[in-house]
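Survey of secondary and tertiary structure
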Amino acid sequence: MRIKTLSALAVAALLAGCSDTQQHMGAASDNDQNVLTGGPITGTTIFDLPQGVKDALQKRAPHSEIANINKMNRNGQTIYEISFTQPGTNSKIYLTPEGRVLKKSEVPKK
């Protein structure tokens, strides 16, 4: 009888522990309300972006999650290539430091 009671208590304790789901420390893409949070942690980060680029991102993709930021120097012009975690929803954006959006055809080749 004592073993059954201890077994029942152990099972109850395990179930109680499993019912508490883990929460993410950072904001997930489904509840993140700002494109300028999260993003890459290596290479060019959101904190490295000029204010014009940040403003353009906030306007064009306010609720998107940035996957990668590629800072390119083409013919003396700096261009930021921003890709998102959901490429089907948001395609890459090419921005000048002032925040002007470029079409892919406007980006100079290497």
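Residues numbered from 1 in each chain as written. Predicted model: local features only at pLDDT ≥ 70, side-chain atom pairs only at ≥ 80, totals over all residues. Heavy atoms only, no water.

Tallying secondary structure elements over the chain gives two helices and four strands in all. Among the 110 residues that make up the chain, the fraction classed as buried is 30%. When contacts within the chain are restricted to residue pairs at least 6 apart in sequence, those whose partners lie at least 24 apart make up 40%. Carbon and sulfur atoms make up 54% of the accessible area of the chain, which totals about 8100 Å². (Helix = DSSP H or I, 4+ residues; strand = E, 2+ residues; numbered from the N terminus. Buried < 20%, exposed > 50% of the residue type's maximum accessible area, 1.4 Å probe, protein only. Contact = heavy atoms within 4.5 Å. Areas by Shrake-Rupley, 256 points an atom, 1.4 Å probe, with all protein chains shown as cover.)

A word on unusual backbone geometry. Leaving glycine out, the prevailing phi sign among residues is negative, and the prevailing peptide bond configuration is trans. Of note in the backbone geometry, N75 takes a positive phi value of approximately 50° without being a glycine. Counting through the fold element by element, N75 comes out in the loop between β1 (66-74) and β2 (77-84).

Looking at chain direction, β1 and β2 are connected through eight bridges and run antiparallel. Counterpart to K71 in the pairing with β2 is Y80. (Pairing = 2+ DSSP bridges.)

Time to look at the sheet that holds β1. If you walk across this open sheet you meet the four strands as β1-β2-β3-β4, and the pairing is antiparallel. Every other strand in the sheet has two partners, leaving β1 and β4 (101-102) as the edge strands with one partner each. Direction of pairing for strand β3 (residues 93-95) relative to β4: antiparallel, over a ladder of two bridges. The residue of β4 that forms the bridge with Y94 is L102. Contacts from helix α2 (residues 51-60) reach β1, β2, β3 and β4 within the one sheet, and its direction differs from that of β3 by about 150°. (Axes fitted to C-alpha atoms, helices over the stretch in contact; angles between N-to-C directions.)

Within the secondary structure layout, G43 lies in the loop between α1 (2-18) and α2. Separated by 27 residues in the primary sequence, G43 and N70 place their C-alpha atoms 8.1 Å from one another.

Let us now look at the confidence of the model for the chain. Here the chain averages 77 in pLDDT, while 69% of its residues score no lower than 70. Confidence over residues 18-30 falls short of pLDDT 50; this stretch has three contacts with residues more than four positions distant or in other chains. (pLDDT = per-residue confidence, 0-100.)

In terms of burial, β2 is largely enclosed, as six of its eight residues are buried. If you look at the hairpin formed by β1 and β2, you'll find two residues sitting between the two strands, and N75 has a positive phi there, around 50°. Relative to β3, β2 runs antiparallel, the two being bridged by three bridges. Bridge pairing in β3 links I82 to I93.

On to the side chain of T45, then. Within the element layout of this structure, T45 appears in the loop between α1 and α2. The exposure class assigned to T45 is buried, which follows from its relative accessible area of 14%.

Looking now at the environment of K54. If you trace the backbone, K54 turns up in helix α2. Separated by 44 residues in the primary sequence, K54 and E98 place their C-alpha atoms 9.4 Å from one another. Here K54 is in contact with L36, I46, F47 and L49, once residues within four sequence places are set aside.

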